[in-house]
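Take a look at the letters that make up each chain.
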Amino acid sequence: MQSVAHQVGSEKLQQIFSTAEKVLVLTGAGVSAESGVPTFRGGGNTAVWKGMPFEIISSAGMLARDLPAVWEWFNYRRERLKALKPNPAHQAIARWQERFRQFTLVTQNIDGLHQAAGSRKVVELHGNLWRARCFDCGARHDLRELRVDHEVPICIDCGGRMRPDVVLFGEMLPPGAFERAAREAEQCELCFVVGTSAVVYPAALLPETARAAGAYVVEVNPEATPLSSLCDEVLSGKAGEILPMVGMSSVPGAVATG
Ligand code: BJW
């Protein structure tokens, strides 16, 4: 179906979007919501597993207490993800990497949907649910290539027990990931913050860093967040509807495929 294109955001955003060379996008669970991935917080489907809130099941404490239960939770989520596809928000962001000279995508998501949409060199702050990491030798293996015969996968390099390669509450982020993201945030001219409640640190510091360094910061979210008041502009609505329209001119009668 075709729909009439209309401008999204202010004239200022249109202007910066058309001239900026350094752009950073920070995404959270909301960018995958329209693909069918439940968010952690905010309206509707929040993540709960067997009555346990995700702060408990996705925590360093649970990993130490009950590794098989943590695997069961992540296996369940991987199974559900297999059927899900990137949505127009992931696709718009993937197109932007060709448009800007220096484009950085930083995600808190572990679902791999940005990569499935074609984004390259994604800075994954919280890891990836399709990978396992060995407790003993630190090797990382793609779970799509690993035979999982045991309730806890075994490392093919050293025979050690493996864990999901994700950052649980109370754990450190992967070495270098936040530092790289913070460096890019300090340099960017335009920063989009898409589909995150902006309550989990240190990820939530990135838009503040960008703003303090002079970037124009734009939030895309149907709900207000603690970050909203700090942003130069808030585009209130669904990422999959808003992002494909950003940068489109408001030429009367212009037509976009929708
Ligand atoms: C849409 C939409 C649509 C819906 N379109 N939008 C400073 C102060 C206080 C505490 C701390 C601090 N620094 C560190 C901490 C501790 C902790 C923390 O931040 N706690 C706070 C919650 C209080 N941080 C950590 O532990 C981090 N580690 C760390 O800092 O190490 C050093 C250290 C350790 C210990 C103490 C102190 C320092 C690690 C954080 C790891 C987070 N891991 C998780 C789970 C991953 C595994 C799993 O998936 O199970 O990552 S938690 C969960 O939250 C997940 C997410 O990546 C993360 C962020 O959530 P996100 O993406 O923002 O999603 P939601 O659901 O919250 O929001 C969705 C949004 O989308 C909503 O706003 C909707 O409105 C919107 N939306 N539809 C656009 N269609």
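Summarised in this report is the structure supplied together with it.

Basis of the calculations
Residue positions within a chain follow its written sequence, with the count starting from 1. Residue-level local features of this predicted model are given only where pLDDT is at least 70; pairs of side-chain atoms are given and counted only at 80 or more, and the full residue set underlies all totals for whole chains, interfaces and linings. Processing note: side-chain calculations cover all non-hydrogen atoms of the structure and skip hydrogens and water entirely. Any two of the Phe, Tyr and Trp rings considered here, Trp counted by its six-membered ring, make a pair once their centres fall within 6.5 Å; the pair's planes then place it as stacked at under 30 degrees, edge-to-face at over 60, or tilted in between. Numbering of helices and strands starts at the N terminus; helices are DSSP runs of H or I of at least 4 residues and strands are runs of E of at least 2. Two conditions define a charge located above a ring, namely a distance within 6 Å from the ring centre to NZ of Lys or CZ of Arg, and an angle within 35 degrees of the ring normal. Throughout this description, buried means an accessible area under 20% of the type-specific maximum (1.4 Å probe, protein chains only), exposed means over 50%, and partly exposed covers the range between. Pairing between strands is defined by DSSP: at least two bridges between them are needed. For a crossover, the right-handed case is the one in which the path from the first strand over the helix to the second runs clockwise, viewed with the strands pointing away from the viewer. Here a residue counts as near a molecule or strand whenever at least one of its heavy atoms sits within 4 Å of it. Side-chain atoms alone can form a polar contact between residues adjacent in sequence; in general such a contact is a pair of N or O atoms within 3.5 Å, and within protein one must be able to donate a hydrogen while the other accepts it. The method behind every accessible area is Shrake-Rupley, applied with a 1.4 Å probe, and residues are considered shielded solely by the protein chains displayed. Think of it as three bins: nonpolar holds Ala, Val, Leu, Ile, Met, Phe, Trp, Tyr, Cys and Pro, charged holds Asp, Glu, Lys and Arg, and polar takes everything else, Gly as well. A contact between two residues is defined here by any heavy atoms of the two lying within 4.5 Å. Fitting a line to C-alpha atoms yields each axis, with helices limited to the stretch in contact; the angle taken between N-to-C directions then spans 0 to 180 degrees. Any Lys or Arg side-chain nitrogen found within 4 Å of a carboxyl oxygen on Asp or Glu counts as a salt bridge.

### Side note on the packing of aromatic side chains
- In the structure shown here, the tally under the stated rule is 8 aromatic pairs.
- Taking the centre distance of 4.8 Å and the plane angle of 45° together, the rings of Trp96 and Phe192 count as tilted. Here Phe192 lies in strand 10 (residues 190–194) and Trp96 lies in helix 5 (residues 88–99), a separation of 96 residues in the sequence.
- Cluster of aromatic residues (ring-pair linked, three or more members): Phe17, Trp96, Phe100, Phe103 and Phe192.
- Sitting above the plane of the Trp73 ring, Arg77 keeps its charged end 4.4 Å from the centroid.

### Thoughts on the pairing of strand 11 (residues 216–220)
- For strand 11, a buried count of 5 out of 5 residues is recorded, marking the element as mostly surrounded by other parts of the structure.
- What you see with strand 11 is no split at all: Tyr216, Val218 and Val220 on one side and Val217 and Glu219 on the other are buried throughout.
- Note that strand 10 and strand 11 share 5 bridges and pair parallel. Along strand 11, the bridge assignment pairs Val194 with Val220.
- Each parallel crossover has a hand, and for strand 10 linked through helix 8 (residues 205–212) to strand 11 it is right-handed.
- Across 3 bridges, the pairing between strand 11 and strand 12 (residues 233–235) is parallel. Paired with Val220 across the strands is Leu235, a residue of strand 12.

### Examining the site of the ligand
- With respect to spatial proximity, 34 residues lie near the ligand, and among them Arg41, Ser58, Glu171, Thr196 and Ser197 are the closest.
- Between Ala29 and the ligand, the recorded distance is 2.8 Å, taken from a backbone N or O atom to an oxygen atom.
- Take Gly170: an N or O atom from its main chain is 2.9 Å from an oxygen atom of the ligand.
- Isolated, the ligand exposes 1500 Å² of accessible area, and the fraction of that covered by the protein chains is 77%.
- Its residues assigned to classes, the shell around the ligand shows 17 nonpolar, 11 polar and 6 charged.

### Re the pairing of strand 5 (residues 102–107)
- Of all 6 residues that make up strand 5, 5 are buried, and the element is covered over most of its length.
- Pairing of strand 2 (residues 22–27) with strand 5 involves 6 bridges; the strand directions are parallel. From the neighbouring strand, Leu24 faces strand 5, where its bridge partner is Thr104.
- Across 2 bridges, strand 5 lies against strand 6 (residues 123–124) in parallel orientation. What sits directly across from Val106, in strand 6, is Val123.

### A short note on the environment of Phe40
- With respect to the helices and strands, Phe40 occurs in the loop between strand 2 and strand 3 (48–49).
- Of the residues examined, Phe40 reaches a relative accessible area of 28% and is grouped as partly exposed.
- Sequence separation between Phe40 and Phe54 is 14 residues; the distance between their C-alpha atoms is 7.6 Å.

### So, the sheet that holds strand 10
- Pairing within the open sheet is parallel, and its 6 strands lie in the order 6-5-2-10-11-12. Only two strands of the sheet have a single neighbouring strand rather than two, namely strand 6 and strand 12.
- Running at roughly 115° to strand 10, helix 1 (residues 11–19) makes contact with strand 10, strand 11 and strand 12 of the sheet.
- Across the sheet, helix 7 (residues 177–187) is in contact with strand 2, strand 5 and strand 6; its angle to strand 5 comes to roughly 135°.

### Things to note about the side chain of Thr39
- Looking at the element boundaries, Thr39 is found in the loop between strand 2 and strand 3.
- At 3.0 Å, the side chain of Thr39 forms a polar contact with the backbone oxygen of Arg41.

### Let's talk about the pattern of salt bridges
- One pass over the full model with this rule turns up 10 salt bridges.
- Among the salt bridges present, the one from Asp165 reaches Arg133, with a minimum N-O distance of 2.7 Å. Taken together, the residues span a long stretch of sequence, with Asp165 in strand 9 (residues 162–166) and Arg133 in strand 7 (residues 127–134) at a distance of 32 residues.
- Between Glu171 and Arg163 there is a salt bridge, and its shortest N-O distance comes to 2.7 Å. Just as Glu171 is buried, Arg163 falls in that class too.

Keep in mind these values describe shape, not function.
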